[in-house]
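Breakdown of the fold
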Amino acid sequence: MANIAIIMGSVYGAAEYLADTIDKELKKAGHTTTYNASPLVTDIHDVDASLIITSTTGQGDLPSNIEDFYFAAQDKRPSHAGKPFGVICLGDSSYESFCGAGEKLEELFYELQGRAPIPMLKIDACETLDPDSIALPWLQNWLTQI
Ligand SMILES: Cc1cc2nc3c(=O)[nH]c(=O)nc-3n(C[C@H](O)[C@H](O)[C@H](O)COP(=O)(O)O)c2cc1C
């Protein structure tokens, strides 16, 4: 069983709702989680793995509740060396920077020397109104590989 940080970014609540669901799924499966409405850089200090669940706002920008985490992690560079991470990004393909926030956070975790066992999941609001139905099978796959 793993200790997993959930790093959530959301403007209007869709990514937060998904993160809440995933938090419950992880606990049901026997994992422990660190999950804050506004993530802190210390959330990833002593974990086995990190799961980023974020939407994108503006023009490929991060939701404001995850900005402090992002800038603090860029500044303090907490090591995630060899540890797995995963990214689930909610976006809308009608925007030029589709899932830009997920791309930024993926790059950050690679800079912290994390490893992504499976590719980022991009959920397109143009294609589905039910992110859970896509995210939960992806989560099961990610869990088998961390
Ligand atoms: C003002 C605004 C700007 C957005 N900008 C982007 C963007 O640049 N790229 C993208 O992929 N999606 C963009 N989106 C789509 C959202 O990321 C998508 O609707 C997401 O499901 C919202 O999740 P949330 O409720 O957690 O914020 C934007 C949505 C709004 C309302």
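The coordinates are above.
Here's a quick rundown of the structure. (Residues numbered from 1 in each chain as written. Predicted model: local features only at pLDDT ≥ 70, side-chain atom pairs only at ≥ 80, totals over all residues. Heavy atoms only, no water.)

1. Focus on the side chain of S55
Condition: To qualify as a helix, a DSSP run of H or I must reach at least 4 residues; to qualify as a strand, a run of E must reach at least 2; elements of each kind are numbered from the N terminus. Three exposure classes are used, based on accessible area relative to the maximum for each residue type with a 1.4 Å probe and protein chains only: buried under 20%, partly exposed in between, and exposed over 50%. In what follows, a contact means two residues having at least one pair of non-hydrogen atoms within 4.5 Å.
The topology assignment puts S55 in strand β3 (residues 49–55). Residue class for S55 comes out buried when judged on its relative accessible area of 11%. In contact with S55, not counting residues within four places along its chain, are G9, S10, V11, A15, D61, P63, L90 and A101.

2. A few points about the sheet that holds strand β2 (residues 32–35)
What counts here: Strands are treated as partners if at least two bridges between them are detected by DSSP. Each axis is a line fitted through C-alpha atoms, and for a helix only the stretch in contact is used; angles between axes span 0 to 180 degrees, taken between their N-to-C directions.
Within the open sheet, the five strands sit side by side as β2-β1-β3-β4-β5. Their pairing is parallel. The open sheet has two edge strands, β2 and β5 (121–124), and neither has a second partner. Pairwise comparison of adjacent strand axes, ignoring direction, gives a mean angle of 15° for this sheet. Docked against the sheet, helix α4 (residues 131–144) engages β1 (3–9), β3, β4 (85–91) and β5, running at close to 170° with respect to β4.

3. Quick look at the environment of L139
Its location among the elements puts L139 in helix α4. Residues L139 and F98, spaced 41 residues apart in sequence, show a C-alpha to C-alpha distance of 21 Å.

4. Quick notes on the pattern of salt bridges
Side chains carrying opposite charge are able to pair once their charged atoms draw close together. Rules: For this document, the term salt bridge refers to a Lys or Arg side-chain nitrogen within 4 Å of an Asp or Glu carboxyl oxygen.
Considering all chains together, one arrives at five salt bridges under this definition. Residues K28 and E25 are paired through a salt bridge, measuring 3.3 Å at the closest nitrogen-oxygen approach. With a gap of three residues between them, K28 and E25 both fall in helix α1 (residues 14–28), about one helical turn apart. Assessed through its relative accessible area of 23%, E25 is described here as partly exposed. One salt bridge in this structure joins E103 and K122, with 2.5 Å as the shortest N-O distance. Of this pair, E103 sits in helix α3 (residues 100–111) while K122 sits in strand β5, and the two are 19 residues apart along the sequence. With relative accessibility at 32%, the residue E103 sits in the partly exposed group.

5. A closer look at the site of the ligand
Using the following cut-off: If even one non-hydrogen atom of a residue comes within 4 Å of a molecule or strand, that residue is called near it. Under the rule applied, a polar contact is a pair of N or O atoms within 3.5 Å (in protein, one hydrogen donor and one hydrogen acceptor; residues adjacent in sequence only if both atoms are side-chain atoms). Method for areas: the Shrake-Rupley scheme with a 1.4 Å probe, in which residue coverage is limited to the protein chains shown. Residue classes follow a fixed rule: Ala, Val, Leu, Ile, Met, Phe, Trp, Tyr, Cys and Pro count as nonpolar, while Asp, Glu, Lys and Arg count as charged, and any other residue, Gly among them, counts as polar.
The full set close to the ligand counts 19 residues, and S10, A15, T56, G60 and C99 are the nearest of them. At 2.8 Å, a backbone N or O of A14 approaches an oxygen atom of the ligand. If the ligand stood free it would expose 650 Å²; the protein chains cover 82% of that surface. Taken together, the elements giving at least two residues each to the shell around the ligand come down to α1 and β4. Grouping the amino acids of the shell around the ligand by side-chain chemistry returns eight nonpolar, 10 polar and one charged.

6. Describing the packing of helix α2 (residues 64–76) against α3
The line we're drawing: Relative orientations are named as follows: roughly parallel for angles under 35 degrees, roughly antiparallel for angles over 145 degrees, roughly perpendicular for angles from 65 to 115 degrees, and oblique for any other angle. Should the near helix be turned counterclockwise from the far one by less than a right angle, the crossing is left-handed, whereas a clockwise turn marks it as right-handed.
Running from amino to carboxyl end, α2 crosses α3 at an angle of 30°, the nearest separation of the two axes being 11 Å. The angle between α2 and α3 falls in the class roughly parallel. Like other packed secondary-structure pairs, α2 and α3 cross with a definite hand, here left-handed. Contact residues: I66, F69, Y70, A73 and Q74 in α2; K104, L105, L108 and F109 in α3. Of the residues belonging to the contact of α2 with α3, the class tally is seven nonpolar, one polar and one charged.

7. Details of the packing of α1 against α4
Across the interface, α1 lies against α4 with an axial gap of 11 Å and an inter-helix angle of 40°. As far as their axial angle goes, α4 and α1 are oblique. Read as a crossing pair, α1 and α4 show a hand that is right-handed. For the pair α1 and α4, the contacting residues are Y17, L18, T21, I22, E25 and L26 in the first and P131, D132, A135, L136, L139, Q140 and L143 in the second.

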